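Examination of the molecular architecture
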Amino acid sequence: MACDAAAAATVTRSADGRDVTTTLSVLTYNLEGLGWPARNGRAKVLKEIGERLNAAREDGSGADIILFQEMFSGAAKRAVAASGYPAIVPGPRRTTRAFVRGVDPMGGNAKPLKGELGIRLLGGGLAIASRFPIVESAAAAYGRRACAGFDCLSNKGVMLARVAVPGVPTSIDIYNTHMNSRRASRVSDRRNGEAHARQAEIASAFIAATEDVAVPLIFGGDFNMRHSEIRWEAFSEHHPLTLVHEHCIDPASGCDVRMSWDGDAPWMDTQDLQFFANGEQLAVRPIRVEAVFDGGASGPRLSDHDGFLVTYELRWPADMTAGSPGC
């Protein structure tokens, strides 16, 4: 998608003329797009997901960017294509090599009857769709020495889409991942936890190798850390990013929370998360969070995950010169 094919962002200048702002909305959505024999009878619902996403995109209510997970089946891939977004890039494919080589084997014996066969039947199930141009992309697999149980049958990993928003002086780095499951892996917590910790480290290395530190960063996906302090601790060692939930739970943040959050740590109750970091001059902060496809006004629940939609404010100095590869 060429830069001149997208409409410029609507920008607002501050009262004193020093700053310029616009918004960018990012949806994290696990499609529950597993195929047979893991899931059956999902084709009709996945078709509806694609149709609803396309309708929302066309009427302007849809997200600017969507991070998809579990795009495994043919019906799931068709749903992503049917969303109608003009720029779509896939994540790691079935044959994508591990990003980090020379990793020691997982502790203990391999579990071939639980999917640890040393082969991949599926790709990573990731995609990023954008209404704005994607000027660069990259994908990496976690590899067979950083997976556990039935998760090893898919080539899970992490991906980058560098998005250029016309009217914004720099691009924005958007990352997406789907990390090793717990119960669904059908192996012990110790084993799937080791795989998850390795994936957190590999994702950090991938981001460090591919990010443009001068531009804002948003990292979302299905992190599979719900109700696991151990996983959170291991992940946090490698990812010094700001968690959207943690930012927005502070009343002083000015973030408009349009979803039900229970307790003091609502991020522990979900797998679907987003993190963010500022660029050198262009700052990013969440200003609204909401659930979509949750059975409420936004539409029926069409997956075993709700969509997690975050609207960010982008802010930069009015005298900032455009940097590559912005539009």
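Residues numbered from 1 in each chain as written. Predicted model: local features only at pLDDT ≥ 70, side-chain atom pairs only at ≥ 80, totals over all residues. Heavy atoms only, no water.

Residues Glu-201, Glu-229, Glu-233 and Glu-237 make up a contiguous surface patch of negative charge. Structurally, the position occupied by Glu-237 is in helix α4 (residues 229–238). (Patch = residues over 30% accessible without salt bridge, like charges linked within 9 Å, V, L, I, M, F, W, Y side chains within 5 Å. Areas by Shrake-Rupley, 256 points an atom, 1.4 Å probe, with all protein chains shown as cover. Salt bridge = Lys/Arg side-chain N within 4 Å of Asp/Glu carboxyl O. Lys, Arg positive; Asp, Glu negative; His and termini not counted. Charge placed at Lys NZ, Arg CZ, Asp CG, Glu CD. Helix = DSSP H or I, 4+ residues; strand = E, 2+ residues; numbered from the N terminus.)

Summarising burial for strand β12 (residues 272–277): five of the six residues are buried, a large majority. The sheet contact formed by strand β9 (residues 217–222) and β12 spans six bridges and is antiparallel. Residue pairing for β12: Gly-220 is matched across the bridge by Gln-274. Across two bridges, the pairing between strand β10 (residues 242–243) and β12 is antiparallel. In the sheet register, Thr-242 faces β12, and the bridge partner there is Phe-276. (Buried < 20%, exposed > 50% of the residue type's maximum accessible area, 1.4 Å probe, protein only. Pairing = 2+ DSSP bridges.)

Okay, the packing of aromatic side chains next. This structure, assessed with the given rule, holds twelve aromatic pairs. Judged by centre distance (6.0 Å) and plane angle (90°), the ring pair of Tyr-175 and Phe-206 falls under edge-to-face. Here Tyr-175, found in strand β8 (residues 172–178), pairs with Phe-206, found in helix α3 (residues 189–210); they are 31 residues apart in sequence, far enough to count as distant. Under the relative-accessibility criterion, Phe-206 is labelled buried at 2%. Among the aromatic residues, those joined into a cluster by ring pairs are Phe-99, Tyr-175, Phe-206, Phe-219, Phe-223, Trp-232, Phe-235 and Phe-275. (Phe/Tyr/Trp six-rings, centres within 6.5 Å; stacked < 30°, edge-to-face > 60°.)

As a further point, take the state of the cysteines. A disulfide bridge is the covalent bond that connects two cysteines by way of their sulfur atoms. Under the criterion given, the structure shown has two disulfides. At a sulfur-sulfur separation of 2.1 Å, the disulfide partner of Cys-147 is Cys-152. Taking the sign of the S-S torsion, 110° for the link of Cys-147 and Cys-152, the bridge is right-handed. Here Cys-147 and Cys-152 have matching classes, each one buried. With a sulfur-sulfur separation of 2.2 Å, Cys-248 is cross-linked through a disulfide to Cys-255. One disulfide, between Cys-248 and Cys-255, carries an S-S torsion of 65° and so falls in the right-handed class. You can call Cys-255 buried: its relative accessible area is 12%. (Disulfide = S-S within 2.5 Å.)

From the geometry alone we can't say anything about function, so treat these as descriptive.
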